[in-house]
Amino acid sequence: GRSDVAVIAACRTPSRLQAGFAGAVRAGDLRDPAYRREVVRDVDVVCHTGTWGSFWGHQALEQSHFFEPNVDLIESSISAGVRRFIQTSSVVIAATPGATEEAGGRTTVDDFAPATHTGFWPHLDRLVDVEHFMRANSHRGTQMITMRLGHFVGAGNQAGLVPALIPRLRTRLVPWLGGGRARMPVVADTDLGEAFALAATAAGLADYESFTIGGPDLPTVREVITCVAEAAGVPRPRVSVPYGAGAAFGALMEALHPVLPGSSPFLTRSIVHVARDWPITNEYARRKLGYRPTKAWRTAVAETVAESAARGYPWPLLAQVP
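Residues numbered from 1 in each chain as written. Predicted model: local features only at pLDDT ≥ 70, side-chain atom pairs only at ≥ 80, totals over all residues. Heavy atoms only, no water.

> So what exactly am I meant to see when it comes to the overall build of the protein here?
If you tally the helices and strands in the protein, you get 11 helices and 10 strands. Overall, the protein is about 55 × 40 × 40 Å in size when its C-alpha atoms are taken along their principal axes. Looking at the protein as a whole, 50% of its 322 residues qualify as buried. Taking the intrachain contacts of the protein between residues at least 6 apart in sequence as the baseline, contacts between residues at least 24 apart amount to 80%. A total of about 14,800 Å² of accessible surface is found on the protein, and carbon and sulfur atoms cover 55% of it. The distance from the centre of the 32 positive side-chain charges to the centre of the 30 negative ones in the protein is 5 Å. (Helix = DSSP H or I, 4+ residues; strand = E, 2+ residues; numbered from the N terminus. Buried < 20%, exposed > 50% of the residue type's maximum accessible area, 1.4 Å probe, protein only. Contact = heavy atoms within 4.5 Å. Areas by Shrake-Rupley, 256 points an atom, 1.4 Å probe, with all protein chains shown as cover. Lys, Arg positive; Asp, Glu negative; His and termini not counted. Charge placed at Lys NZ, Arg CZ, Asp CG, Glu CD.)

> Just to check I follow, could you spell out helix α4 (residues 122-136) for this structure?
Along an α-helix, residues three or four positions apart point the same way, because every turn accommodates 3.6 residues. With 15 residues, α4 ought to run about 21 Å at 1.5 Å a step, and its terminal C-alpha atoms sit 21 Å apart, in line with that. The element α4 is largely enclosed, with a buried count of 12 among its 15 residues. Looking at α4, one finds that the buried residues are P122, H123, L124, D125, R126, L127, V128, D129, V130, E131, F133 and M134. Looking at the buried side of α4, the elements it contacts are α2 (59-80), β4 (84-90), β5 (143-149), β9 (208-213) and α9 (269-274). (Expected span 1.5 Å × (residues − 1).)

> What exactly am I supposed to notice about the pattern of salt bridges here?
Side chains bearing opposite charge may pair, as long as their charged atoms lie close to each other. Under the defined criterion, the tally for this structure stands at 16 salt bridges. When the shortest N-O distance is used, the salt bridge between R12 and D29 registers 3.7 Å. Pair noted here: R12 is in the loop between β1 (8-11) and β2 (24-27) and D29 is in the loop between β2 and α1 (33-39), with a separation of 17 residues, a long-range link. We classify D29 as partly exposed; its relative accessible area is 23%. Between R287 and E283 there is a salt bridge, with its nearest N and O atoms 3.7 Å apart. With a gap of 4 residues between them, R287 and E283 both fall in helix α10 (residues 283-289), about one helical turn apart. For E283, a relative accessible area of 33% puts it in the partly exposed group. Through salt bridges with shared partners, a single ionic network connects R12, D29 and R31. (Salt bridge = Lys/Arg side-chain N within 4 Å of Asp/Glu carboxyl O.)

Now the structure itself:
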């Protein structure tokens, strides 16, 4: 809706674009090197929001389907003279802040907090490598921007936090982790779109920037899960377990997945990781981009639940099919 911006949709399946999209379309597969070179021609800003990813394992596929194409797309952008490359990332890329989950501390994860490998989640570890690559190459004429996003909630979200949570809550086997006291940054659909639009058009940015992007409020895990459960009419967790126990059970489920029924493990170490304490602030994005989120997370959660209900609350895959 910005008169000064011409939007080009780069996608594999144009039929899935939002109804009424009137911009140009460059259809193709980011795993194709020729497409990666062609799609960035005569473009000022690349907003890279597509990815291949898994919530556990699949290390070789993360390298071939995510990391290598991502880095080559950055190289192609630099070669084509793209002025700004914007990378979709996550707040959970940062180091977990101390013992705030159990102690109730108020430590804040800042926008440039060091990105650290987990050693157990290949997708996040390769995303860390992408960020390191961007930092190291930000002097080559293309500005590099990392968008460390909170959990996406709202219309059109079929594979995020809420759709994955509802069928698991229905089993009555989901516990609170650390009592549910951790803070969980969530960001609604419209605020997320505004954040990318601002990052694409803002003036005065450094060669490398990193922005944490959340909603207007920072709820706890207990508040978010309670809201989801009430909206979907499913049970809330009844017991609490420490994060260490949850991670150990997740590791067991990952190891046993090949011999257990179901397309995805019930719990993974990555799910435990994203449920830890992520106390972010939007202050840097407000100062540098003018980002001011407005949509209430409860409204966005309700929209996600309604869409998931219309599809029968399917059990989402935690890994994309190649």
